[in-house]
Amino acid sequence: MTGQPNSTENNLLNFIRELYPLCRSITGEGSRETLRLISRHIPIEIHEVPTGTKVLDWEIPNEWNIRDAFIKNSAGSRIIDFKKLNLHVLNYSSPVNAKMSLEELRPHLFSIPEKPSLVPYRTSYYSENWGFCLSHDQLGTLKEDIYEVLIDSDLKKGSLTYGELLIKGKYEDEVLITTHICHPSLCNDNLSGISVCTFLAASLLEQNNMWSYRFLFIPGTIGAITWLARNEQNVHKIRYGIVTSLLGIDSIFTYKRSRIGTAQIDRIVEYVLSKRSTPFKVVNFIPYGYDERQFCSPGFNLPVGNLTRVSFGEYPEYHTSADNFDLISEKALLDSLNAFRDVIRHIEGDVRYMNQYPKGEPQLGKRGLYDNIGGRNDSKMLQLAFLWVLNYSDGNHSLTEISMLSGMDIDLIKEAAQMLKEKNLIK
Amino acid sequence: MTGQPNSTENNLLNFIRELYPLCRSITGEGSRETLRLISRHIPIEIHEVPTGTKVLDWEIPNEWNIRDAFIKNSAGSRIIDFKKLNLHVLNYSSPVNAKMSLEELRPHLFSIPEKPSLVPYRTSYYSENWGFCLSHDQLGTLKEDIYEVLIDSDLKKGSLTYGELLIKGKYEDEVLITTHICHPSLCNDNLSGISVCTFLAASLLEQNNMWSYRFLFIPGTIGAITWLARNEQNVHKIRYGIVTSLLGIDSIFTYKRSRIGTAQIDRIVEYVLSKRSTPFKVVNFIPYGYDERQFCSPGFNLPVGNLTRVSFGEYPEYHTSADNFDLISEKALLDSLNAFRDVIRHIEGDVRYMNQYPKGEPQLGKRGLYDNIGGRNDSKMLQLAFLWVLNYSDGNHSLTEISMLSGMDIDLIKEAAQMLKEKNLIK
Amino acid sequence: MTGQPNSTENNLLNFIRELYPLCRSITGEGSRETLRLISRHIPIEIHEVPTGTKVLDWEIPNEWNIRDAFIKNSAGSRIIDFKKLNLHVLNYSSPVNAKMSLEELRPHLFSIPEKPSLVPYRTSYYSENWGFCLSHDQLGTLKEDIYEVLIDSDLKKGSLTYGELLIKGKYEDEVLITTHICHPSLCNDNLSGISVCTFLAASLLEQNNMWSYRFLFIPGTIGAITWLARNEQNVHKIRYGIVTSLLGIDSIFTYKRSRIGTAQIDRIVEYVLSKRSTPFKVVNFIPYGYDERQFCSPGFNLPVGNLTRVSFGEYPEYHTSADNFDLISEKALLDSLNAFRDVIRHIEGDVRYMNQYPKGEPQLGKRGLYDNIGGRNDSKMLQLAFLWVLNYSDGNHSLTEISMLSGMDIDLIKEAAQMLKEKNLIK
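Residues numbered from 1 in each chain as written. Chains lettered and ligands numbered in written order. Predicted model: local features only at pLDDT ≥ 70, side-chain atom pairs only at ≥ 80, totals over all residues. Heavy atoms only, no water.

Some words on the overall build of chain A
Point 1. The secondary structure content of chain A amounts to 12 helices and 18 strands.
Point 2. With the principal axes as the frame, chain A shows a C-alpha extent of 95 × 40 × 35 Å.
Point 3. Burial status across chain A gives 61% buried among its 427 residues.
Point 4. Long-range pairs, those at least 24 residues apart, make up 80% of the contacts in chain A with a sequence separation of at least 6.
Point 5. When the accessible surface of chain A is totalled, it reaches about 16,600 Å², and 48% of it is carbon and sulfur.
Point 6. In chain A, the 46 positive side-chain charges and the 51 negative ones have mean positions that sit 5 Å from each other. (Helix = DSSP H or I, 4+ residues; strand = E, 2+ residues; numbered from the N terminus. Buried < 20%, exposed > 50% of the residue type's maximum accessible area, 1.4 Å probe, protein only. Contact = heavy atoms within 4.5 Å. Areas by Shrake-Rupley, 256 points an atom, 1.4 Å probe, with all protein chains shown as cover. Lys, Arg positive; Asp, Glu negative; His and termini not counted. Charge placed at Lys NZ, Arg CZ, Asp CG, Glu CD.)

As for the relation of the copies chain A and chain B
Point 1. Each copy superposes on the other: chain A lies on chain B with an RMSD of 0.1 Å after a rotation of 120 degrees and an axial shift of 0.2 Å. As the rotation angle and translation indicate, the two copies are arranged about a three-fold axis. Closest to the rotation axis within chain A is the C-alpha of Thr 262 of chain A, separated from it by 12 Å. (Least-squares fit on C-alpha atoms with pLDDT ≥ 70 in both.)

A closer look at the pattern of salt bridges
Residue and element names in this part refer to chain B.
Point 1. Following the criterion strictly, the structure yields 93 salt bridges over all chains and no others.
Point 2. For Arg 78, the salt bridge goes to Asp 68, with nearest N and O atoms at 2.9 Å. Here the residue Arg 78 occupies a position in strand 5 (residues 78-81), and Asp 68 occupies one in strand 4 (residues 63-72), the gap between them amounting to 10 residues.
Point 3. The exposure class of Arg 78 is partly exposed, given its relative accessible area of 31%. (Salt bridge = Lys/Arg side-chain N within 4 Å of Asp/Glu carboxyl O.)

Section: the interface of chain C and chain B
Accessible area lost upon the coming together of the parts is a frequently used measure of interface size.
Point 1. Between chain C and chain B, the residue contacts involve 22 residues of the former and 23 residues of the latter.
Point 2. When chain C packs against chain B, close to 2,000 Å² is buried across both sides, 50% of that on carbon and sulfur atoms.
Point 3. Between chain C and chain B we count five salt bridges in total.
Point 4. Here Lys 359 of chain C and Glu 232 of chain B are joined by a salt bridge, their closest N and O atoms 2.5 Å apart.
Point 5. For the pair chain C and chain B, the interface holds 13 residue pairs in polar contact (both at pLDDT 80 or more).
Point 6. Ranked by residues supplied to the side of chain C that touches chain B, first place goes to helix 10 (residues 377-392) of chain C with seven residues. (Buried area = accessible area lost by both parts, 1.4 Å probe. Polar contact = N/O pair within 3.5 Å; in protein donor to acceptor, adjacent residues only side chain to side chain.)

Description of the packing of aromatic side chains
Point 1. In total, this model carries 39 aromatic pairs over all chains according to the counting rule given.
Point 2. Ring centres of Phe 15 of chain B and Phe 199 of chain B lie 6.4 Å apart, and the angle between their planes is 65 degrees; this geometry places the pair in the edge-to-face category. Residue Phe 15 of chain B is located in helix 1 (residues 11-19), and its partner Phe 199 of chain B is located in helix 5 (residues 187-205); the two are separated by 184 residues in the primary sequence. The pair Phe 15 of chain B / Phe 199 of chain B is uniform in exposure class, with both members buried.
Point 3. Taken together, the aromatic side chains of Trp 58, Trp 64, Tyr 92, Tyr 125 and Tyr 126 of chain A make up a single cluster linked through ring pairs.
Point 4. The residue whose ring lies beneath Arg 17 of chain A is Phe 325 of chain A, and the NZ or CZ to ring-centre distance is 5.0 Å.
Point 5. Looking at Arg 259 of chain B, its charged tip hangs above the ring of Tyr 392 of chain C, at a distance of 4.6 Å from the centre. (Phe/Tyr/Trp six-rings, centres within 6.5 Å; stacked < 30°, edge-to-face > 60°. Lys NZ or Arg CZ within 6 Å of the ring centre and 35° of its normal.)

So, the sheet that holds strand 4 (residues 63-72) of chain C
Residue and element names in this part refer to chain C.
Point 1. Ordered by their spatial adjacency, four strands build an open sheet running 5-4-9-6, and the pairing between neighbours is antiparallel. Every other strand in the sheet has two partners, leaving strand 5 (78-81) and strand 6 (96-101) as the edge strands with one partner each. Averaged over all pairs of adjacent strands, the angle between their axes in this sheet comes to 20 degrees, without regard to strand direction.
Point 2. Where strand 4 meets strand 9 (residues 146-156), nine bridges bridge the pair, whose relative direction is antiparallel. Counted as the bridge partner of Trp 64 is Leu 155 from strand 9. (Pairing = 2+ DSSP bridges. Axes fitted to C-alpha atoms, helices over the stretch in contact; angles between N-to-C directions.)

As for unusual backbone geometry
Point 1. With an omega of 25 degrees, the peptide bond between Asp 189 of chain A and Asn 190 of chain A qualifies as cis.
Point 2. Residue position: Asn 190 of chain A is located in helix 5 (residues 187-205).
Point 3. Unlike most non-glycine residues, Asn 424 of chain A shows phi in positive territory, near 60 degrees.
Point 4. Here Asn 424 of chain A shows up in the segment after helix 12 (410-422).
Point 5. One non-glycine residue, Leu 56 of chain B, adopts positive backbone phi at about 50 degrees.
Point 6. Structurally, Leu 56 of chain B can be placed in the loop between strand 2 (54-55) and strand 3 (58-59).
Point 7. Leu 56 of chain B gets classed as partly exposed once you look at its relative accessible area, which sits at 28%.

Describing the nonpolar core
Point 1. Counting 415 residues, the largest nonpolar core has Phe 215 and Phe 295 of chain A, Phe 215 and Phe 295 of chain B together with Phe 215 and Phe 295 of chain C as its most contacted members.
Point 2. Apart from the residues lying within four places of it in its own chain, the contact partners of Phe 215 of chain B are Gly 163, Glu 164, Leu 165, Ile 167, Ile 177, Cys 197, Leu 200, Ala 201 and Leu 204 of chain B. (Core = buried A, V, L, I, M, F, W, Y, C linked by side-chain atoms within 4.5 Å.)

Observations regarding the environment of His 183 of chain C
All names here are of chain C.
Point 1. You can see His 183 is positioned in the loop between strand 11 (174-180) and helix 5 (187-205).
Point 2. Taking the C-alpha atoms as reference, His 183 lies 18 Å from Asp 81; in sequence the two are 102 residues apart.
Point 3. Excluding its chain neighbours within four sequence positions, the residues that come into contact with His 183 are Arg 24, Tyr 121, Asp 189, Asn 190 and His 319.
Point 4. Within polar-contact distance, the side chain of His 183 engages the side chain of His 319 at 3.1 Å.

Observations regarding the interface of chain A and chain B
Point 1. Each partner contributes to the interface: chain A provides 23 residues, whereas chain B provides 22 residues.
Point 2. For the pair chain A and chain B, the summed buried area comes to about 2,000 Å², and 50% of that belongs to carbon and sulfur atoms.
Point 3. Between the two partners, chain A and chain B, sit five salt bridges.
Point 4. At the boundary of chain A and chain B, one finds 13 residue pairs in polar contact (both at pLDDT 80 or more).
Point 5. The residue inventory of the side of chain A that touches chain B, partitioned by class, reads 11 nonpolar, seven polar and five charged. (Nonpolar A, V, L, I, M, F, W, Y, C, P; charged D, E, K, R; others polar.)

Re the packing of helix 7 (residues 264-275) of chain C against helix 11 (residues 399-406) of chain C
When two helices pack together, their arrangement is captured by the angle between the axes and the distance separating the axes.
All names here are of chain C.
Point 1. Interhelical geometry of helix 7 versus helix 11 gives an angle of 45 degrees and a closest axis separation of 11 Å. When the axes of helix 7 and helix 11 are compared, the pair comes out oblique. Where helix 7 crosses over helix 11, the two elements pack in a sense that is left-handed. Counted together, Gln 264, Arg 267, Ile 268 and Tyr 271 of helix 7 and Thr 400, Glu 401, Ser 403 and Met 404 of helix 11 form the full contact between these two elements. (Parallel < 35°, antiparallel > 145°, perpendicular 65-115°, else oblique. Left-handed = near helix turned anticlockwise from the far one by under 90°.)

Some thoughts on the confidence of the model for chain A
Point 1. Of all residues in chain A, 97% attain a pLDDT of 70 or more, and the chain-wide mean is 95.
Point 2. Within the model, pLDDT remains below 50 along residues 372-376 of chain A, and this stretch shows 10 contacts once partners closer than five positions in the same chain are excluded. (pLDDT = per-residue confidence, 0-100.)

So, the side chain of Lys 256 of chain B
Residues and elements named next belong to chain B.
Point 1. Of note, Lys 256 is situated in strand 14 (residues 253-256).
Point 2. Among the residues examined, Lys 256 registers a relative accessible area of 6% and is labelled buried.
Point 3. One polar contact links the side chain of Lys 256 to the main-chain carbonyl oxygen of Ile 286, over a distance of 3.0 Å.
Point 4. Apart from residues lying up to four places away in sequence, Lys 256 is in contact with Val 283, Asn 284, Phe 285, Ile 286, Tyr 288, Gly 289, Glu 292, Gly 305 and Asn 306.

Written out as structure tokens, the structure is:
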């Protein structure tokens, strides 16, 4: 993968098309295959953590795999078929192979009366159960009958799988970017996050970075807890972090602040969103949502926010069969990727210099940095950028903060800083 | 007194009816009898501090008592009669028994030209004087005559009297609630405060409390100074405090912040008022008003605010004969009592727990605290409350602060905390 | 100069009339003569700093003097004449005496196409050049011809000149007020600043001051750098500072905060402006503008703001021949002077007392400070001022801060403080 994707190439969307059919869960082959597809683009390391391993207050569960599942009526028709849509099976269902009446079957059928045409996405990771999800409309058509019910799954010792990529930069301190990979055939939640993060990582691999970037592709909750348990000694390196997902809809960005609330990542993401021409929403941390719940638990309290294009759970297609290709677009995915790249442009500028001539202004003219007669419109902004960088390079303000203070573009500020550095005016 | 008053019982108003006729002042039998009537409801301790006792920069004055006072015209009619309305006498008037012309009398007559039909309430505690208050209308009708003037009072060594009730809670730290008891026949200022504080104390006596509650029924200024002088060593125990009065009018609440301005009592009262459906006003501390002037003097600077239903002096009937039963209602008094009880509900929740599993979320499911399948609407809020309490029980946030942060009702937060405590998840 | 100027006397404007004809620059006789005229009003010390002296990162340049300059056409007419308007010469032009074609002359002619009728003010201090400034209209009329071009100037070793006045107060700590003196015939920028600062200093010489006041009349940039270089050891004495100019237009005041942003000078100027009946503007520090650039460079970071009646460069006549007597008025100059005097009234009140009776209110009545009966309208405000001064004289609030908190006039607060001090209630 070289160069940047553009909207006619449909790279982001095409990657989602590849990933869509897999039946992901918090463990199992679906997730493993997902990570294999990601690793074709970026060199992630794939970790396996055995069932029963203690991770913080939790334990790695049995691994779940499923080959087939259906409900057949007495006429032998598959009226519900896992192979047509993997959402039909209650995720983490234990195996079953039985004939039963509608009455016996009914407690195992899940639908959404308020959205009668949609199949819900339901899970039962931590209490053993089996079941099928179907539209409320279809549920209404089911007649008294003897149904053949099969779930060809197993739940046994195995491992939890997650992917990790560290892109080393000039500094050891890290920018953490995570997305969950545990949802089956749902486009916005979470394939959009997987696709954008993959392409974002790919683009960072092509450039020299100030900071080190760590990408995590992990199952929700248990994955974050597992990673935190295994990396507890190194989390102090995380200076900026974003948990992401829900990036495929053409809706406004929502940024949920880190629990700290005024961390540098909060200031940067809010600033970047405020400079875009579209509306956006910023909300304070709440202990509900995605894996920021774990990264921001009080014992870690990391500077990790949550950036999505829609609030958690606040779109009607959320966790239903309607979270499909009708909902997302390459345009929205690409816009999300660009927003992330803009955030990273500001994170990369979040470094501090020291003015070597802090008393009064140094004379720029004698160093060829200043246009003496003035009047050249094209150089005015750069001259102003010199003054901003010199005045605020006091050890307390990064280039990004100078960009925020001055309202001048971070790239111009970086350019001015580079020129001042070459003249040994800042260090 | 058992159970809670309701508006048809008129308990609050009836108590005011009992207290109204007494001629209170900063000392004397009127105040002593007022305290005796209060002690029928709640077990206050009645303190007597002798005349001449030094209290901070002040000294306890002579005790004032009055039996009768009138102005008779030459025809022998009592044209002004203390027995009809005790406001008619300048409070703390020295005795007089004389005949005099209107010209001689006039410097001792006080009225309000702007409110010609009302009798003003006036005092002269610290400079000896005598006088009568009357309506400006009546003043205009007075003719040249020889008037018989009697004030049958004495001003001699005695004591200053105040009432105090300490309701011990689990903690020694205290919530201070004070109201002044020095005004004679005035309903809103200050009988409404006496009545609401009495019933509030009674309800706190019926429940187990986290904090200790100290109620003071004191004469204005000199009473607060006296109590502070005698309790200087213990004021550090006061963690929350409210000076109150003016609680009988159906007007918006006004909260005047403590001098600290951001004390926990300020945050709590402002939050409670903001959650009510009615408008309210919050103002910064000013060194003028009620006894918060003394509690917030710079040498004490206690976290004591002032809660009233109308700003100090900002209602037309203030300090006049119109501050009577036409002005106040049981409904308003009861609403005031409820607002205080709501404040106390939040003060009682202002305790901090420590999450015992602060790294990542503890697994609630395996402890039976979490509904695994989800979908039960009635448990969603409680589950959310678990997450809020766990995430913010970091030693820096009380349950009340968690309630404020989350917007969830303090009772639900307390309930969630109780359940988490039983599972040893918080301590 | 005795007493205060008033608008019919036109003192401020007349002083500008005297100064207007001089050809000022960053060095030379024009500036020296300007300082001599100032010293007729106030006893400034005139400093000379030799060419070549190192000042921070800079060096004092050659001194520039000019006697005559013109462009004559072949008919012998002076079509551009320095003696008619000194703006016609590029300030700091090196000498020239030559005949040349229009084509050769053109690179040395400066006009403003957007303001075709105005002559621009241009300088070339630090890169040797010569040139003439003329209206764009006139430039359009120039024909092919052989022009006689004369600039009778010299640029040689000499010195930089600036004026300084220290008015000693009760305290050694200083209030710094500076204005630039390097602009030739321009009224608002900078003669208005020179005139207002001169009369302000004169009025401060006539009164006893708490703080010491230091006035600087300096050439822009190099003057500030020179003063800072020579006074580096004493800048810590500066507790308040204002760089000023642009005071002659009847436009809204603009205050640009010090780099600190919340310095006492910032609070005071913003408060004073907010109490005036006219709109005003407050902006954060930016490292561009007048000499606050130097005083607020990160190595000094002094509490120095910038007060003008119009933002830097934001009026159409700025740096053109239209910045003349049509633009300014005695009324605006006087209003500026009054605003400065108001700022100084608050700086003078920015001293802290300690309440000697901080526990409870001291009894004012027994000390004759309190009107016992009350009701005297004229004393109410003073009584209130006593309470404010007593309550906030806690070592953390100056009288000016008490004035801001209470909204009471600083003079009343000062008067109350004086009375309390006489009774030993505050120290």
